[in-house]
Amino acid sequence: MYQAIILGSLLFITLYILKRKREPELTMPPLVSYKFPIIGHTFDFFLNPEKFLKQCREEYGDIFCLYIWGQVRVFVGKEHFGEVYSRDDVFDVLKAFNKRFPIDVLCPDLLKVLPVAPKTLKDTIFSKLKLYSDRMQKRVYLSTQKHFGDCDESKIFYNLFEIVTKIISDPIANIIIGEEESQHEEVLNSFANFIIDSMIFLTIPPFLDIIYPGLQEYVNRIQIRLGLYNPAVKHRKPLLKHIEKQVCKRLQEKEKYGDSWKRPDDHLQDLMEEHDPNNISCPYLLDRIYLIIFASIHTTAIAITNVILSLASRPEYMQELYEEQLKVHKETNVNGIIPFEALSDMKKLDSFIRETLRLSVNVAGIDHLVKKDYTFSNGLQIPKNCITSIYIDDVYRDEPKSFEPFRHLDINLASKVTKNFLTFGNGKHSCPGRQLAVNNIKFFMHNVILKYNFRTVSSKIEESRGTGFTALPVETSTAGVIFEKRV
């Protein structure tokens with residue numbers, strides 16, 4: 001027994017030494033000192049990233065290294081983060097994301113289309129937001145009523161993220177898979193629950209990487225391949241059934257009615273028209289649809305949850321926002337639907353949303369995988385295959401940390417990307433769906449502000465909970481929100 005323990009210890013130490021090995025020929029950024037071998041900076045970073053990273057920045061400069069979860073990670077601050085965004089030949093955000101969220105195993109065909117996905121989505125969805133506006137509003141309003149109710153008596157909701165995910169899945173399903181199929185409850189459940197079930201890959205820290213770098217990713221991939229846990233497969237069957245039904249129906253109707261056939265306006269039809277009608281692969285279409293499900297529903301649901309919590313924590317702004325929404329509604333609505341152009345009249349709401357997004361962003365993130373050795377403009381070098389993280393708080397360091405909801409009134413566009421606002425990325429890699437997300441947030445908040453009063457159960461300000469790289473909507477068990485019918 002003792003021999004086994006000794007051999008195991010020797011093996012563990014050997015692995016530790018091997019994984020700590022660094023490239024001696026490179027002038028690496030400084031590695032922040034730490035007390036405990038193997039653990040390194042993991043606990044300091046995981047428990048209080050805001051305080052810890054600020055201290056590291058003050059002592060070690062704009063670029064520094066931390067030993068987290070069993071590997072050295074490079075953090076890049078305000079002075080050099082632009083180099084990461086501008087050098088596509090060196091820094092790859094998709095490959096870094098794929099290490100945390102194994103897209104290539106969940107949806108194998110997605111990797112084939114990811115390089116052209118932004119342009120495809122821009123041409124087929126984001127350029128048609130005005131066309132989809134009325135449909136999206138109707139579905140947002142009906143789904144909100146379904147999940148929140150009238151609230152004639154006060155209701156307390158503790159699971160806001162899951163509820164909002166289900167609400168926002170309705171309008172997204174409508175414009176992606178079509179009005180007919182999006183009426184089915186199993187379709188909406190598949191859209192929403194794929195996101196909820198997939199969050200595990202993004203929220204659970206890579207504990208196994210402490211044993212050996214990459215072990216967590218390996219285990220994630222193995223359990224997906226073996227079918228032990230695969231949210232894509234779990235929800236694939238019902239979605240594929242409805243896609244096959246629609247594809248077959250549309251092809252038959254088009255052949256039958258010819259030029260008089262009424263073309264459906266949705267993303268599924270756009271995808272179908274990219275292929276020969278005799279050679280359409282429904283499984284491939286589903287993988288393409290999974291891309292927009294994750295890209296749109298996940299980020300929008302988190303943003304809406306944070307905006308609700310932000311306003312519920314600060315009820316002193318409720319009346320001012322209510323008056324603006326009431327004015328927009330009275331002046332523009334037709335049968336309860338406001339025109340697309342009215343979104344630009346929601347200046348205060350837009351500013352409130354932007355300020356919430358600014359302060360609920362991760363302390364650090366937007367990871368990139370380094371594809372080849374790189375030398376920063378200050379002479380520091382990093383090796384191939386390491387991960388760089390943008391120190392977002394440092395990029396924002398000249399911006400106040402206090403919440404000032406109407407500081408952005410002159411911008412009047414919550415989705416606008418600037419050098420000090422990285423919620424939607426930066427430069428040519430800015431999120432192509434940011435306007436869709438903000439429109440959905442505005443439609444949702446316009447509706448709930450007019451219908452309800454809401455406040456936190458604690459009567460305190462509930463903020464995003466930072467755990468390492470991730471700033472999630474505050475933990476639902478301690479952040480109940482009381483909804484009451486507005487009278």
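Above this text is the structure in question.
For every chain, the first residue of its written sequence is number 1, and the numbers climb from 1 along that sequence. The predicted nature of this model means local features are confined to residues of pLDDT at least 70 and side-chain atom pairs, given and counted, to a pLDDT of 80 or more, with totals for whole chains, interfaces and linings taken over all residues. Heavy atoms from the whole structure form the basis of all side-chain values; hydrogens and water molecules are not counted.

Caption draft 1: Up close: helix H17 (residues 318-332). Secondary structure elements follow DSSP: runs of H or I no shorter than four residues count as helices, runs of E no shorter than two count as strands, and numbering proceeds from the N terminus. Expected helix span is computed as 1.5 Å times (number of residues minus one). Under the 1.5 Å per step criterion, the end-to-end length of H17 is 21 Å for 15 residues, consistent within 8% with the ideal 21 Å. Regarding H17, the residues found buried are Met318, Leu321, Tyr322, Glu324, Gln325 and Val328. An end-on view of H17 places all buried positions within 165° of arc, on one side of the element. Away from its buried face by more than 90 degrees, H17 exposes Lys327, Lys330 and Glu331. For H17, the elements touching its buried residues are helix H16 (282-313), helix H18 (347-359), helix H20 (434-451) and strand E9 (452-456). The rule is simple: take the accessible area with a 1.4 Å probe, protein chains only, and divide by the maximum for that residue type; under 20% is buried, over 50% is exposed, in between is partly exposed. Note that the arc is defined by the directions from the helix axis to the C-beta atoms. Note on contacts: a residue pair qualifies if any of its non-hydrogen atoms lie within 4.5 Å across the two residues.

Caption draft 2: Quick peek at the environment of threonine 332. The topology assignment puts threonine 332 in helix H17. In this structure, the C-alpha to C-alpha distance between threonine 332 and alanine 342, residues 10 residues apart in sequence, is 6.9 Å. Not counting chain neighbours up to four residues away, the residues in contact with threonine 332 comprise Ile337, Ile338, Pro339 and Ala342.

Caption draft 3: Spotlight on the pairing of strand E2 (residues 71-76). For E2, the tally of buried residues reaches 5 of 6 residues, placing the bulk of the element in the interior. Pairing between strands is defined by DSSP: at least two bridges between the two strands are required. The pairing of strand E1 (residues 63-68) with E2 spans 6 bridges and is classified as antiparallel. Paired with cysteine 65 across the two strands is valine 74, which belongs to E2. Hairpin connection, E1 to E2: the antiparallel pair is bridged by 2 residues, and tryptophan 69 has positive phi, about 50°.

Caption draft 4: Main features of the sheet that holds strand E4 (residues 155-157). One open sheet accounts for 3 strands, arranged E4-E12-E9; its pairing is antiparallel. Each of the sheet's edge strands pairs with one partner strand only, and the pair in question is E4 and E9. Mean inter-strand twist for the sheet, computed between neighbouring axes without regard to direction, equals 25°. Lines fitted to C-alpha atoms define the axes here, with helix axes fitted over just the stretch in contact, and angles between the N-to-C directions of these axes take values from 0 to 180 degrees.

Caption draft 5: Quick look at the packing of aromatic side chains. Ring pairs shown here join Phe, Tyr and Trp side chains whose ring centres sit within 6.5 Å, with only the six-membered ring taken for Trp; geometry is labelled stacked below 30 degrees between planes, edge-to-face above 60, and tilted in between. Taken as a whole and judged by the stated rule, the model has 24 aromatic pairs. Pairing tyrosine 374 with phenylalanine 376 gives two aromatic rings, centres 5.0 Å apart and planes at 85°, and the pair type is edge-to-face. Of the two residues, tyrosine 374 and phenylalanine 376, neither departs from the other in class, the shared state being buried. Every member of this aromatic cluster is reached through a ring pair, and the members are Phe148, Phe157, Phe444, Tyr452, Phe454 and Phe483. A cation over a ring is seen here: arginine 314 above phenylalanine 403, with NZ or CZ 3.8 Å from the ring centre. Comment: the charge-over-ring label is applied if NZ (Lys) or CZ (Arg) is within 6 Å of the ring centre and within 35 degrees of the ring normal.

Caption draft 6: Structural detail: the nonpolar core. By convention a nonpolar core is built from buried Ala, Val, Leu, Ile, Met, Phe, Trp, Tyr and Cys residues, the set being connected through side-chain atoms within 4.5 Å. Counting 91 residues, the largest nonpolar core has Phe148, Phe191, Met445, Phe454 and Phe483 as its most contacted members. Setting aside residues up to four positions removed in sequence, phenylalanine 191 forms contacts with Ser169, Ile172, Ala173, Ile176, Leu239, Ile289, Ile293 and Ile297.

Caption draft 7: How the structure looks around the side chain of arginine 57. With respect to the helices and strands, arginine 57 occurs in helix H3 (residues 49-60). Here the side chain of arginine 57 touches glutamate 79 through a polar contact of 3.3 Å, side chain to side chain. Whenever a nitrogen or oxygen atom comes within 3.5 Å of another N or O atom, the pair is scored as a polar contact, on the condition that within protein one atom can donate a hydrogen and the other can accept it, and that pairs from neighbouring residues in sequence are kept only if both atoms are in side chains.

Caption draft 8: Molecular detail of the packing of helix H14 (residues 231-257) against H16. Packing of H14 against H16 leaves a shortest axis separation of 9 Å and a crossing angle of 115°. Relative to H16, the crossing made by H14 is right-handed. Residue-level contacts link Ala232, His235, Arg236, Leu239, Leu240, Ile243, Glu244 and Val247 of H14 to Cys282, Pro283, Leu285, Leu286, Asp287, Ile289, Tyr290 and Ile293 of H16. Polar here means any residue other than Ala, Val, Leu, Ile, Met, Phe, Trp, Tyr, Cys and Pro, which are nonpolar, and Asp, Glu, Lys and Arg, which are charged; Gly is therefore polar. In the contact of H14 with H16, the residues fall into 12 nonpolar, 1 polar and 3 charged. The hand of a helix crossing depends on one turn: near helix anticlockwise from the far one by less than a right angle means left-handed, and clockwise means right-handed.

Caption draft 9: Expanded view of unusual backbone geometry. In this model, cysteine 151 sits at a positive phi of 60°, which is unusual for a non-glycine residue. In this fold, cysteine 151 is placed in the loop between helix H9 (129-148) and E4. Taking relative accessible area as the criterion, cysteine 151 reaches 2% and is therefore assigned buried. Located in the positive-phi region is asparagine 335, a residue other than glycine, with phi close to 55°. Its place among the elements puts asparagine 335 in the loop between H17 and H18.

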